Amino acid sequence: MAARKVITALFCDLVGSTALGEELDPEALHGVLGRCFEAITATIERHGGTVQKYAGDAVLAVFGIPRVHEDDALRAVRAADEIGRLLPRVADELGLALEFRTGINTGLVHTDEGRTLAMGDAVNVAARLEQAARPGEILLGAETLGLVRNAVDVEALAPLTVKGKAEPVEAFRLLRLDPVAPGVSRADFSLVGREYELRLLRGVWDRTVEESRCQLFTLLGTAGVGKSRLVDELLARVGEAATILRGRCLHYGEGITFWPIAEALTPLGESSQSIRDRLSSGGAATPGELFWEVRRFLEALAERRPVILHVDDLHWAEPMLIDLLNHIVDLSQSAPVLVLCAARPELLEDYAGWGGGKLNATTVMLEPLGNTECEQLLEQLGDELGRQARERVMETSEGNPLFLRELAVLAREGAEVDIPPTIQALLAERLERLPSEERLLLERGAIEGQVFHRSAVAALAQSDSPLDVELPLADLVRKDLIRPHSANVEGDEAFRFRHLLIRDAAYERLPKATRADLHERYAHWLEDTAVDFLEVDEIAGWHLEQAVRHERELRHEVDPRLMRDAAQHLYAAGRRAGDRSDLVAARNFLDRALVLAPGGDQLRGRIAVALAEQLIEAGDLARADELLVAAEHEHAESAPVSLTRLEWLVYSQPGEANQTIESILPRMLEELGRSEDDRELAKAHMLAFWVQWTANRATLAAEQVRLAARHARRAGDIGLWSRALGWYVGTLIWGPQNARAIAGELDAIEQEEPGPYLLAFVELGRGEVARLDGRFDEARALTGRALDGFRGLGTTTMAATCEQSLAWIELSAGVAEAALASLLRADAILAESGERSLRSTTQAMVARSYELLGRADAALAAIELAEELSAPQEAINYAITHDVRARLALGAGDDDAAMAWAKSAVDYALKTDFVDLQGGARLGLAVVLDACDRLDDARTEARAALELFEAKGDRPGAQRAEARLDRIS
Ligand SMILES: Nc1ncnc2c1ncn2[C@@H]1O[C@H](COP(=O)(O)OP(=O)(O)OP(=O)(O)O)[C@@H](O)[C@H]1O
Ligand SMILES: [Mg+2]
């Protein structure tokens, strides 16, 4: 089966063989080379590599084919080092001076299992490194070095420029190699958590000493979960109270059977020399004698002081070592020896009975760390990660401290690698150890995601019945690679990858062509079966999109049917997100759909219009325009296109919009009424609403928007429905209803189970009710919540509206600075989107705030901008700017002008049915009249203002009117 994997390539080349060729007879040369290659091949194979080919006097060997090992890079370097020391001896025997140059590099390749190596960039780079090496030198690539750093000393060379590669290649000369050190060191954190395990371990140790009896303690746990770290901690705490012997099983090598014991006895020096000799020669004694000797030695040692014999990485033990340990544990019944082993769960795959049936044995499975503990670890790392990166690291590592640390380092470097290379190697070996049937299922599961369903993998594995996969899945659960999980599909079962990284590693193995095929088949499986998935379109769309992506990376042409399928699903998903008023998600889906939809297809036009709608709502008018232009180009006369275009006009050119809409809307409504297309009708009424609303006629606007809501509800378009009802709240705020009536209407809306968008509107309305009542803090808090709500939904236009409301609150409360700050924030948003209607009102209010702060020039500038942006029918803007102009004139001593402006402001306010606006304008006129000593008229105006404020239930307004009345009398 084909797979993608990370391998380490080793190139080595006989130096000066051309010169040799001149000296030697061809037959003799052949013999010499043959001897050398024999020695090289034997060395490479001993380290677990395979020779891929001989080319002239060069050898290419690969570590990772047919099987990947977690330490392939280190194996390659060890092999090269050994060859470097071996060849001079071979040459010597032949009476020649021979030298080799070597290049080693690690990277991704595609392989056909069982067949020869497929070439890849990783292999080419190894060849280049070899060519750049001087005789006798071993050069390592950067990826290789990253995996062996702990075991080597190197010297960095100047980066090599390599033909056909844009970036120079980093190269490192190998100086020294530690023959037994692991490739990567695991920097130590101070211990977090693990109190329970430590106590347990401590208890077994105390018993060993008290009862003077041998105990076996086995700590099982997946790679990196913290077995070695935990043992370190115990040993540090036990300290001088024990003789501590420590050995580690090596992954492979010659004479490694008893190596861990020999290593453990080394610190004892002379006294253990003879037994170590016998352990390393192996055959010098029968196993029985050897076992007896080791046991007697330990017992004698324990008579002086209790002994802890720690054997780490027992999953790599040779069978004879297992026998030896069993022998000690079974027979040393009267000596205080604790045999403390740590191993990955694979141990039980090879030695199922380990620890079983012994009364003096304890086995503990080390579980992942909890969230709090992981947080503590991140802190120890001097965590400088952003919140998002931090969350991803926490989520992906799922309590595995090794993964946590490596991921955090990667994230800090801002690298775009999904799996850290050290962990990649670890997981790749784990996957390759699996029987191919189980691995195949894991890879199929990885297509679905971190959680996958049994029937999905069965379908993808093309098995006849879902139950065919039952047993291999159970085995995978037993091996702790996956765990049962609750299923989304009734009657099915689901599983969850133990780690997201295991899923990623399994997925990474799949060749892209296979991935494309599987993603497509998964999408079809989903369409066929998963009735209970709410998000079939989202998920199927994503999978088809992946299929397209992988196809495209392999070939440039992708089947248009596949692309259309993907676009269709994403379009549906986008529409549904729009219905939920989740603008961010809607835009995301529709954007992706648009990229996939084939040109000239009707679908493409529909996607463009739907996306334009979302963009208008979100305030990106420029891009909405582009999309509409394209859609109009394709289908000139379609109703959805023109409705959306008109909506766009309302925001970007309010002046023009009203005329256009008023001229064509009646005909449009008639046509739509005949076709009974509720969705389009709702949109048309929405436009009629805008016409009234921008002319500041709240009552008429409310009528239209309620019609829009009714049709939207009938069409099942929840997004439009909540938008319509939301704007109904807007009309309540400004229109003639008083505070109590508004509160009642808001209660009624809340009965309808509004989504987050409409709820934000309700909060905005409640903020206004609080303001009318003079409860300013509450008003600020409620409006702030509405602002957060809209922001979270991605609608900047509504966020600006909320800022405007905050400014009203502040102006009512008499805090002009705060009002100004809110308005400037709103203005920044609106200016960027090209919106004009809301922005003109914002600028009018900016003018009011500056005037209150005594900054006449700034106020005037804002007035001018407001009037320039404003459409003629937007009376509110002129009611405000003329009122401000009146005050500025008053300040400048021009009473006549002040009077004219103030009257004009009242005229404009009366064109609307915005009660508060009218109250404010009349009060403004009263101020001017008062200043001109026309006291009776001033009193009349102030009284009229008071009545208006009272009718609206606006207490702060009423108080201002009363204060004015007091002053006049
Ligand atoms: N409880 C812990 N508190 C602090 N650091 C920890 C803890 N557990 C593990 N670590 C750190 O996480 C890394 C991995 O742990 P460790 O090497 O002990 O894993 P392991 O289970 O022995 O893995 P392997 O099977 O590969 O040997 C180390 O750097 C270790 O210091
Ligand atoms: Mg370990």
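Before reading on, note that the structure itself is shown above.
Residues numbered from 1 in each chain as written. Chains lettered and ligands numbered in written order. Predicted model: local features only at pLDDT ≥ 70, side-chain atom pairs only at ≥ 80, totals over all residues. Heavy atoms only, no water.

1. Points about helix H40 (residues 895–911)
The criterion, for reference: Numbered from the N terminus, helices here are DSSP runs of H or I no shorter than four residues, and strands are runs of E no shorter than two. Expected helix span is computed as 1.5 Å times (number of residues minus one). Burial status follows relative accessibility: with a 1.4 Å probe on protein chains alone, a residue under 20% of its type maximum counts as buried, one over 50% as exposed, and anything between as partly exposed. Throughout, a contact is declared for two residues whenever any of their heavy atoms are within 4.5 Å.
End to end, H40 covers 25 Å across 17 residues, agreeing with the expected 24 Å (1.5 Å per residue, within 8%). Those residues of H40 that fall on the buried side of the exposure criterion are Ala898, Met899, Ala902, Ser904, Ala905, Val906 and Ala909. Residues of H40 that are buried sit in contact with helix H39 (875–891) and helix H41 (915–931).

2. Points about the nonpolar core
Nonpolar side chains in soluble globular proteins tend to end up buried together. Definition in use: What is meant by a nonpolar core is a set of buried Ala, Val, Leu, Ile, Met, Phe, Trp, Tyr and Cys residues, joined one to another through side-chain atoms within 4.5 Å.
Leu442, Leu473, Ile607, Trp693, Trp727 and Phe761 are the most contacted members of the largest nonpolar core, which totals 193 residues. Beyond its immediate chain neighbours, meaning those up to four positions away, phenylalanine 761 contacts Gly726, Trp727, Val729, Phe790 and Met798. Among the nonpolar cores identified, the runner-up in size contains 40 residues, and Leu10, Leu14, Ile83 and Phe100 belong to it.

3. Section: unusual backbone geometry
Here the residue pair isoleucine 65 and proline 66 is connected by a cis peptide bond, since its omega of 0° sits within 30 degrees of zero. Backbone geometry at glutamate 753 places phi at a positive 50°, although glycine is not the residue there. Along the polypeptide, glutamate 753 turns up in the loop between helix H32 (739–751) and helix H33 (756–772). Of note in the backbone geometry, aspartate 933 takes a positive phi value of approximately 65° without being a glycine.

4. A look at the site of ligand 1
Quick note on the threshold: Near residues are defined by distance, with any heavy atom within 4 Å of the molecule or strand qualifying the residue. Identification of polar contacts relies on pairs of N or O atoms within 3.5 Å, with a donor-acceptor requirement for protein atoms, meaning one able to donate a hydrogen and the other able to accept it, and with residues adjacent in sequence counted only if both atoms are side-chain atoms. Accessible surface area values rest on a Shrake-Rupley calculation with a 1.4 Å probe, where residue burial reflects the displayed protein chains alone. Here the nonpolar group is Ala, Val, Leu, Ile, Met, Phe, Trp, Tyr, Cys and Pro; Asp, Glu, Lys and Arg are the charged ones; every other residue, Gly included, is treated as polar.
In the vicinity of ligand 1 there are 21 residues, among which Arg186, Gly224, Lys227, Ser228 and Arg229 approach most closely. Backbone polar atom of valine 225 to an oxygen atom of ligand 1: 3.3 Å apart, as the coordinates give it. Between an oxygen atom of ligand 1 and a main-chain N or O atom of glycine 226, the distance comes to 2.9 Å. Protein contact buries 97% of the 620 Å² of open area that ligand 1 shows by itself. Breaking the shell around ligand 1 down by element, the ones donating at least two residues are helix H7 (227–238) and helix H15 (401–412). Sorting elements by how many residues they give to the shell around ligand 1 places H7 first, with three residues. Across the shell around ligand 1, the residue classes tally to nine nonpolar, five polar and seven charged.

5. Considering the environment of leucine 526
Of note, leucine 526 is situated in helix H21 (residues 512–529). Of the residues examined, leucine 526 reaches a relative accessible area of 0% and is grouped as buried. Counting along the chain gives 205 residues from leucine 526 to leucine 321, while the straight-line C-alpha distance between them is 50 Å.

6. A short note on the packing of aromatic side chains
We count it as follows: Within 6.5 Å between ring centres, the rings of Phe, Tyr and Trp (the latter by its six-membered ring) count as paired, and their orientation is classed by plane angle as stacked under 30 degrees, edge-to-face over 60, tilted in between.
Following the criterion strictly, the structure yields 16 aromatic pairs and no others. Where tyrosine 522 meets tryptophan 525, the ring centres are 5.4 Å apart and the plane angle is 35°; that geometry is what we call tilted. Of this pair, tyrosine 522 and tryptophan 525 both sit in helix H21, three residues apart, roughly one helical turn. Taken individually, tyrosine 522 and tryptophan 525 each receive the classification buried, so the pair is uniform in this respect. Measuring from ring centre to ring centre gives 5.3 Å for phenylalanine 761 and phenylalanine 790, while their planes differ by 80°; the resulting arrangement is edge-to-face. Here phenylalanine 761, found in helix H33, pairs with phenylalanine 790, found in helix H34 (residues 776–793); they are 29 residues apart in sequence, far enough to count as distant. The exposure class of phenylalanine 761 is buried, given its relative accessible area of 1%. Residue classification places phenylalanine 790 among the buried residues on the basis of a relative accessible area of 0%.

Any functional reading would require information beyond the geometric quantities listed.
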